[in-house]
Amino acid sequence: MSSPLTRALLLALLAALIAWPVGHFFGAWVGWMLFSLSLAGQMLLHFRYFALLDRWSKAPVLDATLEGEGAWDGVFGRLYRHEKELQRLIAQREQEVAMLIAAGQALTDGVILLDEHNHILFCNTTAEQQLGLVARTDRGQPIINLVRQPEFVAYLEGHDFARPLTLRTERHEGTVLSIHVIPYSGSRRLMQVKDMTQSDRLDRMRRDFVANVSHELRTPLTVLAGFLETLQEIDPAADERHRYLDLMAEQSKRMQLIVQDLLTLSSIESAPPPENQPVDMVNLLDKLRRDAQALSAGRHTIIVESDGQGDLCGSASDLASAFGNLVANAVRYTPAGGSIRIVWQATPEGAEFAVHDSGIGIDAKHIPRLTERFYRVDRGRSRDVGGTGLGLAIVKHSLNRHQAQLEITSKPGAGSCFVARFPASRVVGL
Ligand code: ADP
């Protein structure tokens, strides 16, 4: 294929070859005129295609606008293919970037990309929520102008990112974030923000729990150790020794109860969902009445009311333990002469088990915390009646496992009512 220059020279030569004999026969000026006209025609053609190229290069489109003849056809063809490949690559890159952004948005951790001056290049939705940023308007802003907590600013400016920063945010009280900065691509930084609120709360609960258990066991252990030491050092009279041994037995019984309740709680927590066995409520109510009477030893009036409808389905032992705790509490926190009413009845939503007592009652401010482990309104009183502070925690867990809700209403000095509400899915034979 000839080059454009060779083609132009050949065309000029052809024009000269035609113009020469014409000039010879019709006069030189006619020959020159013909030659000049043919050159001008060629130039005009080139200018036309050049103008077309100029226009197209300002807004390249992939249609038939770029078409020419001769050498221009080859040039236009190559430009067209080049532009087409370029647009394909751009579309591919755009798709890849969009996929990366979508992946960044899908992360459950916050992700922020910062340039060397800590200006925001990108931040995902999670980071927006965690740190109160607005990606649309905050892109390009220095992050320390937007997150101004001094410990955060110090961490970012300290350049020591070996350990993550734990930040208790001022925006949402109680929210704990773990911020990890990872340098990349020279001086740029990727900031990963993890929400640690839940695990921080669990950590605190675990620490509190260990502290509480230690405290609960330390008291009886101290008493036991004290008596043992006394018995080792002195030889008390027989009745005194009996008194010591009774007190020691009382304390070891107390430790036994605590350990037993802790084991119950832990087995309820780790057990698989309760099996769906029908629990005969007539039998269970009868057993609860007998247990209450034994615990009360005739000091209370105990009434059981049932509409005789429906049985529960779930774990018989979990439910017996939950209801037993509620009934035992009613007996223990109701002074002699009081009454306890145990009610089982169908409701429009399912069924409910309630224990009403005319006992000491509970101040409203304690009610939301009663199901916390080791929470007692009056520690001394709970100890006197043989409480471990774990009963209602066990009740709450057992009921949760049966999708039931515990509702507590009480008035100091007038009595309390503990109601376990079961959904219809847990009741059979209605
Ligand atoms: P405890 O073993 O101390 O009874 P629980 O978890 O069973 O622990 O109950 C927590 C606290 O709730 C008790 O210490 C007591 O102060 C209060 N409480 C529970 N049931 C009653 C009730 N029927 N009447 C009054 N107070 C109650």
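Residues numbered from 1 in each chain as written. Predicted model: local features only at pLDDT ≥ 70, side-chain atom pairs only at ≥ 80, totals over all residues. Heavy atoms only, no water.

> I'd love a proper account of the overall build of the protein, names of residues and values included.
Helices and strands together make up the secondary structure of the protein, namely 13 helices and 13 strands. For 430 residues, the compact-globule estimate of 2.2 N^0.38 gives 22 Å, and the protein exceeds it by more than 25% at 44 Å. Put simply, the protein has 430 residues, and 34% of those count as buried. Computed over 45 positive and 49 negative side-chain charges, the inter-centroid distance for the protein is 3 Å. (Helix = DSSP H or I, 4+ residues; strand = E, 2+ residues; numbered from the N terminus. Rg over C-alpha atoms; globule rule 2.2 N^0.38 Å. Buried < 20%, exposed > 50% of the residue type's maximum accessible area, 1.4 Å probe, protein only. Lys, Arg positive; Asp, Glu negative; His and termini not counted. Charge placed at Lys NZ, Arg CZ, Asp CG, Glu CD.)

> Summarise the site of the ligand; cite the residues concerned and give the values.
Taken together, 21 residues surround the ligand, and among them Y333, S382, T388, G389 and L392 come closest. For the ligand, an oxygen atom lies 2.7 Å from a polar atom in the side chain of Y333. Mapping the ligand onto the cavity grids shows that it belongs to the largest pocket. Of all the secondary structure elements, the ones that give two or more residues to the shell around the ligand are helix 11 (316-332), helix 13 (391-401) and strand 12 (415-423). Tallying contributions element by element places helix 11 first for the shell around the ligand, with three residues. Taken together, the residues of the shell around the ligand sort by class into 10 nonpolar, eight polar and three charged. (Near = heavy atom within 4 Å. Polar contact = N/O pair within 3.5 Å; in protein donor to acceptor, adjacent residues only side chain to side chain. 1 Å grid on protein atoms, 1.4 Å probe; cavity = no way out; pocket = protein on both sides within 12 Å on 5 of 7 lines; lining within 4 Å. Sits in = over half its atoms within 2 Å of the grid points. Nonpolar A, V, L, I, M, F, W, Y, C, P; charged D, E, K, R; others polar.)

> Give me the lowdown on the nonpolar core, citing residues and values where you can.
Ranked by size, the top nonpolar core spans 34 residues in total, and within it M281, L312, F323, F353, L399 and F422 carry the most contacts. Mapped by element, the contributors of at least two residues to this core are helix 10 (281-296), helix 11, strand 9 (339-347), strand 10 (350-357), helix 13 and strand 12. Take this core: its biggest share by element is seven residues, from helix 11. Dropping the residues within four chain positions of it, L312 is found in contact with Q277, P278, V279, M281, L319, F323, W344, F422, R426, V427 and V428. (Core = buried A, V, L, I, M, F, W, Y, C linked by side-chain atoms within 4.5 Å. Contact = heavy atoms within 4.5 Å.)

> With reference to specific residues and values, describe the environment of F76.
Inspection of the secondary structure puts F76 in helix 3 (residues 71-106). Sequence-wise, F76 and E305 are 229 residues apart; in three dimensions their C-alpha atoms are separated by 97 Å. Each residue touching F76, except ones within four places of it in the same chain, is listed here: Y49, L52, L53, L66, E67 and G68.

> Quick one: what's the story with helix 10, residue by residue and with numbers?
The terminal C-alpha atoms of helix 10, which comprises 16 residues, lie 22 Å apart, in line with the 22 Å expected from a rise of 1.5 Å per residue. Looking at helix 10, one finds that the buried residues are M281, L284, L285, L288, A292 and S296. Angular distribution of buried residues about the axis of helix 10 spans 95 degrees; they occupy a single face of the element. Facing away from the buried surface of helix 10 by more than 90 degrees, the exposed residues are V282 and A294. On its buried face, helix 10 is in contact with strand 6 (277-279), strand 7 (301-306), strand 8 (311-314), helix 11, strand 9 and strand 10. For helix 10, the N-terminal capping position is held by D280, with its side-chain oxygen 3.0 Å away from the main-chain nitrogen of V282. (Expected span 1.5 Å × (residues − 1). Arc of directions from axis to C-beta.)

> Help me get a handle on the side chain of D261, residues and values and all.
Turning to its location among the elements, D261 is positioned in helix 9 (residues 238-270). No salt bridge is formed by the buried D261; the nearest opposite charge belongs to R332, separated by 7.3 Å. Apart from residues no more than four positions distant in its own chain, D261 is found in contact with T388, L390 and I394. (Salt bridge = Lys/Arg side-chain N within 4 Å of Asp/Glu carboxyl O.)

> Provide a residue-level description of the packing of aromatic side chains, including the pertinent values.
Throughout the structure, instances matching the rule amount to nine aromatic pairs. With a centroid separation of 3.8 Å and 15 degrees between ring planes, the pair formed by F323 and F353 is classed as stacked. Taken together, the residues F323 in helix 11 and F353 in strand 10 connect sequence positions 30 residues apart. For F353, a relative accessible area of 0% translates into the label buried. Ring-pair connections join several aromatic residues into one group, and the members of that group are Y49, W72 and F76. Note that R373 overlies the ring of F209, its terminal NZ or CZ placed 5.0 Å from the centroid. (Phe/Tyr/Trp six-rings, centres within 6.5 Å; stacked < 30°, edge-to-face > 60°. Lys NZ or Arg CZ within 6 Å of the ring centre and 35° of its normal.)

> I'd love a proper account of the sheet that holds strand 1 (residues 110-114), names of residues and values included.
As summarised here, the arrangement of the five strands in space is 2-1-5-4-3, forming an open sheet in which the pairing is antiparallel. Looking at the sheet topology across the chains shown, the edges are occupied by strand 2 (120-123) and strand 3 (165-168). Put simply, the sheet's adjacent strands are angled 25 degrees from each other on average, direction ignored. Where strand 3 and strand 4 (residues 176-184) come together, four bridges link them in antiparallel fashion. Along strand 4, the bridge assignment pairs R168 with V176. (Pairing = 2+ DSSP bridges. Axes fitted to C-alpha atoms, helices over the stretch in contact; angles between N-to-C directions.)

> Outline the sheet that holds strand 11 (residues 405-411), supporting the account with residue identities and numerical values.
The strands that make up a sheet are held in pairs by hydrogen bonds between backbone atoms, and each pair lies either parallel or antiparallel. The strand order across the open sheet formed by five strands is 7-9-10-12-11, and the pairing between neighbours is mixed. Looking at strand neighbours, the two that pair on one side only are strand 7 and strand 11, the edges of this open sheet. Taking the axes of each pair of neighbouring strands and ignoring which way they run, one obtains an average angle of 10 degrees across the sheet. Each of strand 9, strand 10, strand 11 and strand 12 touches helix 11; the most contacted strand, strand 10, lies at about 25 degrees to it.

> Run through the pairing of strand 10, naming residues and quoting values.
Most of strand 10 is tucked away: seven of the eight residues are buried. Where strand 9 and strand 10 come together, eight bridges link them in antiparallel fashion. In the sheet register, I340 faces strand 10, and the bridge partner there is D357. Where strand 10 meets strand 12, eight bridges bridge the pair, whose relative direction is antiparallel. Across the sheet, the residue bridging to E352 is R421, located in strand 12.

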